[in-house]
Amino acid sequence: MLSMRIKCRRISRGSAEGEVLLTHDSISFLGNVDPKTGVIEEPEHELFGQCIKDKVLVFPHGKGSTVGSYVLYQLIKNGVAPAAMINIESEPIVAVGAIISGIPLVDKMERDPFEILKNGDHVKVDSTSGFVETDK
């Protein structure tokens, strides 16, 4: 049962839940993620070799080319996108990608997600109402 509700800023509306996949590294969707498989393909990345499909992807912020927004859209079309995303602070590339792809995205949680979440935790992201729920 999910018991802790944490307020956050809504970026891309929707609701999803799943297993946390957390990284302290920023993500460039153009170059770090294979749009056909959803696997992190950057060898130096903390999540190298892991698949983001159906995960609640927690990362500080995006980086890189504006084409990254379209890569998020490709991930949705290929059925390998994250269920939802949580950022410390979203930037335009990830925000636009999430919005055009319909991926729930939040940021600026009242509590630092890196202090309360860990890989494998089950969370619900409700970016329409502006909260994240966890059993912590």
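Just so it is clear, the model here is predicted, and its values are computed rather than measured. (Residues numbered from 1 in each chain as written. Predicted model: local features only at pLDDT ≥ 70, side-chain atom pairs only at ≥ 80, totals over all residues. Heavy atoms only, no water.)

Trainee: Just to check I follow, could you spell out helix α2 (residues 67–77) for this structure?
Mentor: Those residues of α2 not exposed but buried are Gly68, Ser69, Val71, Leu72 and Leu75. Down the axis of α2, the buried set is contained in an arc of 160 degrees. They therefore lie on one face. Packing partners of the buried residues in α2 comprise α1 (29–32), β5 (84–87) and α3 (92–101). Gly79 sits one or two residues past α2 and shows a positive phi near 70 degrees. (Buried < 20%, exposed > 50% of the residue type's maximum accessible area, 1.4 Å probe, protein only. Helix = DSSP H or I, 4+ residues; strand = E, 2+ residues; numbered from the N terminus. Arc of directions from axis to C-beta. Contact = heavy atoms within 4.5 Å.)

Trainee: For this particular structure, what's the right way to read the sheet that holds strand β2 (residues 9–12)?
Mentor: Within a sheet, each strand pairs with its neighbour through backbone hydrogen bonds, oriented either parallel or antiparallel. Taken together, the eight strands give an open sheet; going across it, the order is β1-β8-β7-β3-β4-β5-β6-β2, and neighbouring strands pair in mixed fashion. Edge positions in the sheet fall to β1 (4–7) and β2, since each of these pairs with one other strand and no more. Strand-to-strand twist across the sheet, computed as the mean angle between neighbouring axes with direction ignored, equals 30 degrees. Judged from the five bridges that link them, strand β3 (residues 15–22) and strand β7 (residues 122–126) form a sheet pairing that is antiparallel. Within β7, the residue paired with Glu17 across the bridge is Lys124. Those strands touched by α3 are β2, β4 (56–59), β5 and β6 (105–107), and its axis lies near 65 degrees from that of β2. (Pairing = 2+ DSSP bridges. Axes fitted to C-alpha atoms, helices over the stretch in contact; angles between N-to-C directions.)

Trainee: What is the right way to read the pairing of β4 from this model?
Mentor: For a regular strand, side chains alternate in direction, first toward one face of the sheet and then toward the other. The alternating pattern of β4 places Val56 and Val58 on one face and Leu57 and Phe59 on the opposite face, and all of these are buried. Sheet topology note: the β3/β4 ladder contains three bridges and is parallel. Among the inter-strand pairings, Val20 is bridged to a residue of β4, identified as Val56. Looking at chain direction, β4 and β5 are connected through four bridges and run parallel. Residue Val56 lies in a different strand from β5, and its bridge partner there is Ala84.

Trainee: What's the story with the packing of aromatic side chains in this structure? I'm lost.
Mentor: Centre distance and the angle of the planes are the two values used to describe a pair of aromatic rings. By the definition in use, this model includes two aromatic pairs. Note on Phe29 and Phe59: the rings are 5.9 Å apart at their centroids and 70 degrees apart in plane angle, and the pair reads as edge-to-face. Within this pair, whereas Phe29 is found in helix α1, its partner Phe59 is found in strand β4, the two being separated by 30 residues in sequence. A relative accessible area of 2% means that Phe29 is categorised as buried. Relative to Tyr73, the ring of Tyr70 has its centre 6.0 Å away and its plane inclined at 35 degrees; by these criteria the two rings are tilted. (Phe/Tyr/Trp six-rings, centres within 6.5 Å; stacked < 30°, edge-to-face > 60°.)

Trainee: Can you help me understand the environment of Leu57 in this one?
Mentor: Along the chain, Leu57 turns up in strand β4. For the pair Leu57 and Val132, spaced 75 residues apart in sequence, the C-alpha to C-alpha distance is 13 Å. Ignoring sequence-local partners within four residues, the contact set of Leu57 consists of Leu21, Ile27, Phe29, Leu47, Ile52, Pro82, Ala84, Met85 and Ile86.

Trainee: Please clarify how the side chain of Ser101 should be interpreted in this entry.
Mentor: For Ser101, the position within the fold is in helix α3. In this structure the side chain of Ser101 is engaged in a polar contact, spanning 3.5 Å, whose partner is the backbone oxygen of Leu72. With residues up to four places along the chain from it excluded, the contact list for Ser101 reads Leu72, Tyr73 and Ile76. (Polar contact = N/O pair within 3.5 Å; in protein donor to acceptor, adjacent residues only side chain to side chain.)

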